Amino acid sequence: MDQTVETMAPKAAPPMSESEKNTIIGGVLLSMLLAALDQTIVAPALPTIAGALGHAEYLPWIVTGYLLTATAVAPLYGKISDVYGRRPVIHAGILIFLLGSLVSALAPNMLVLVIGRAIQGAGGGGLFALAQTVIGDLVPPRERARYAAWISGTWAVASVAGPLLGGVFAEHLHWSLIFWINLPIGFLAMAIVNNPLKKLPIAAKHHRIDGLGAVLLVIATTLLLLALSWGGSRYPWFSGEILGLVVCSAVFWFFFALRLLRTAEPLVSLEVLGNPIVLAGTLSMFLLQAANIGASVYLPVYLQSVVGLSVSESGTAMLGLLLGTVAGATFSGRMIPHFVHYKRIAMIGICLAILCIGLLSAIAGHASLLEVEILTTLIGLGSGTTFPVSTVSVQNAVDRAHLGVATGVLTFLRTLGGALGVAMLGAVALGYGLPLAAEGSQTHIQLTSAMPFVMIFLTAGITLVLALITLAVMPEKELRGHDENAARVIAE
């Protein structure tokens with residue numbers, strides 16, 4: 001299943017103006033916005049979709065189907081774009097996403113809709129990684145961190161606009177518009193980046209795409225995510241179904257690892273995986289997302305059941321965490337070029353987040369809304385500093401030929417960390433008698449004790465401590481400027 005691809009040595013590309021660079025970055029971020037929106041726009045429309053198509057028991061698959069494929073394919077896009085170039089792979093990702101949108105919009109029943117969402121994820125998962133990879137192509141690492149704020153801003157827009165648009169379309173127009181709206185945006189993004197992306201050379205030469213490795217990775221990831229999604233909700237954690245999925249996933253991960261060791265050119269380069277900066281940087285992002293996404297899922301439930309907010313009010317109260325994350329990423333991105341030991345920016349930020357989430361767990365039973373808003377904003381501010389540091393560190397640690405693979409691995413573990421965090425904190429919540437977040441979001445939960453949330457916040461805090469330790473042991477490499485020559489490792 002190996003497919004060998006040989007490319008001619010890249011011709012010297014004509015110099016690219018700042019205007020052209022910004023046009024490309026704007027276009028890829030627009031494509032990234034497409035994928036991010038479809039993680040948030042669907043939720044408010046789920047009751048309406050269930051009423052229109054029936055089979056409400058399969059509603060979770062509208063979300064799960066997208067996340068499964070989006071997570072599984074992220075590393076594949078990085079490798080393929082290193083071989084074939086960014087432009088055709090970005091076009092392919094957008095077209096696959098738009099195909100899934102069309103299938104979803106025209107879906108006559110729930111099964112077709114779930115299939116459409118899975119197709120969307122197969123395209124959208126690549127757009128996350130490719131957006132960061134293209135920025136890595138265009139901007140040297142020393143200047144790259146400031147663009148992390150653009151990426152965080154894209155997520156912020158999706159997080160705010162997605163639920164609003166989904167609610168308006170479902171309530172006042174038609175639920176299918178949440179998919180139809182993707183078509184003009186997607187074609188606009190393709191038109192914006194089409195010509196400028198031709199100036200990006202293909203970095204890799206004489207590369208081989210490991211088809212068998214790709215299949216093993218997708219199957220192993222899908223089985224693991226199914227176990228994380230179903231564990232504690234559809235089936236008990238120690239049921240035969242969940243244990244069977246975990247064992248099968250482990251088997252496929254084992255064969256994938258063997259494939260990495262034995263094939264001439266594996267899907268994910270051992271040179272990349274063995275790089276201590278890549279290893280520590282991606283692991284710290286994995287742990288950070290496990291804490292952040294997991295806690296953010298249960299924060300609205302806490303705001304409703306303990307603080308006493310309504311469903312809509314709890315959604316508005318989440319803006320502090322969201323805007324704090326964007327502000328933290330923006331600040332970190334601007335500060336990185338001015339610090340030799342730039343990872344300390346993220347370490348200080350994570351310490352702030354640990355302190356604040358520890359305080360939140362201590363006062364969870366009697367906290368006022370103002371106190372919760374201040375603490376969650378500071379948690380977002382502190383954790384947000386890590387995104388530019390991890391991304392720039394990982395991309396700076398590899399050469400241009402492996403930029404797509406390294407960024408794909410980072411995106412993959414970032415998404416997988418979020419899924420693991422939700423499952424981990426879900427197990428804690430269930431252990432202390434709290435209903436699942438998906439159930440709790442529909443009704444006002446009455447609790448006699450805030451202990452479930454105390455333990456949820458403490459578990460998230462411990463995970464942040466692990467992220468801090470991982471980041472602390474990550475070596476630092478001097479950031480490259482416009483001169484792409486290898487930079488020295490910074491001595492502590």
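Keep in mind the model is a prediction, meaning the values are calculated, not measured. Every chain is numbered on its own, with residues counted from 1 as its sequence reads. Predicted model: local features are reported for residues with pLDDT of at least 70 only, side-chain atom pairs are reported and counted for 80 or more only, and whole-chain, interface and lining totals are derived from all residues. Remark: hydrogens and water are excluded; side-chain values derive from all non-hydrogen atoms of the structure.

A. Seen up close, empty space enclosed by the protein. A 1.4 Å probe that fits but cannot get out identifies a cavity on a 1 Å grid over protein atoms alone, an open set with protein on both sides within 12 Å along at least five of seven lines counts as a pocket, and a residue lines either if it has an atom within 4 Å of a point. Grid points are joined across faces, edges and corners, and a volume is the space filled by probe spheres set on the points. If you walk through the whole model with that rule in mind, you get three cavities of 30 Å³ or more. In this structure, the second largest cavity encloses a volume near 110 Å³. Along its surface, the second largest cavity is lined by A291, N292, A295, S296, L299, L321, I357, L360, T376, I379 and F457. Those elements that provide at least two residues to the lining of the second largest cavity are helix 13 (276-307), helix 16 (343-362) and helix 17 (369-384). Put simply, DSSP marks the helices as runs of H or I at least four residues long and the strands as runs of E at least two long, and each gets a number from the N terminus on. When residues in the lining of the second largest cavity are grouped by element, the largest group, five residues, is from helix 13. Residue composition of the lining of the second largest cavity, by class: eight nonpolar, three polar and no charged. Under this grouping Gly is polar, as are all residues other than the nonpolar Ala, Val, Leu, Ile, Met, Phe, Trp, Tyr, Cys and Pro and the charged Asp, Glu, Lys and Arg.

B. Representation of helix 16 in the model. Relative to the 28 Å expected for 20 residues at 1.5 Å per residue, helix 16 spans 29 Å between its end C-alpha atoms, a close match to the ideal helical length. Whether two residues are in contact is decided by their heavy atoms: any pair within 4.5 Å suffices. At its buried positions, helix 16 is contacted by helix 15 (319-335), helix 17, helix 18 (386-396), helix 21 (451-472) and strand 3 (476-477). Helix span is expected to be 1.5 Å times the residue number reduced by one.

C. Molecular detail of the environment of I379. Within the secondary structure, I379 is located in helix 17. The exposure class of I379 is buried, given its relative accessible area of 7%. Sequence separation between I379 and C351 is 28 residues, and the spatial gap between their C-alpha atoms is 9.4 Å. In this structure I379 touches L321, A353, C356, I357 and L360, once residues within four positions along its chain are discounted. Only protein chains enter the accessibility calculation, which uses a 1.4 Å probe; a residue whose area is less than 20% of its type maximum is buried, one above 50% is exposed, and one in between is partly exposed.

D. Inspection of the packing of aromatic side chains at higher detail. Pairing of aromatic side chains requires ring centres within 6.5 Å, counting the rings of Phe and Tyr and the six-membered ring of Trp. Pairs whose planes differ by under 30 degrees are stacked, by over 60 edge-to-face, and all others tilted. Going through the model one piece at a time under the given rule, you end up with four aromatic pairs. On the basis of an interplanar angle of 65° and a centroid distance of 5.7 Å, the ring pair of F254 and F255 is categorised as edge-to-face. Each ring, one from Y302 and one from F457, has its centre 5.5 Å from the other, and the planes form 85°; the classification is edge-to-face. Taken together, the positions of Y302 in helix 13 and F457 in helix 21 put the pair 155 residues apart, joining distant regions of the chain. Each member of the pair, Y302 as well as F457, carries the same accessibility label: buried. A connected cluster of aromatic rings, assembled from ring pairs, spans Y302, F453 and F457.

E. Main features of helix 17. Relative to the 22 Å expected for 16 residues at 1.5 Å per residue, helix 17 spans 22 Å between its end C-alpha atoms, a close match to the ideal helical length. Every buried residue belonging to helix 17 is among V372, L375, T376, I379, G380, G382, S383 and G384, and all of these are buried. Looking at the buried positions of helix 17, the neighbouring elements they touch are helix 13, helix 15, helix 16 and helix 18.

F. Seen up close, the nonpolar core. In this text, buried Ala, Val, Leu, Ile, Met, Phe, Trp, Tyr and Cys residues form a nonpolar core when linked through side-chain atoms within 4.5 Å. Core analysis: the largest hydrophobic core is formed by 75 residues, its most contacted members being I49, L113 and I178. Contacts of I178, omitting those with residues within four sequence positions, involve D38, I41, V42, A45, I49, G166 and F169.

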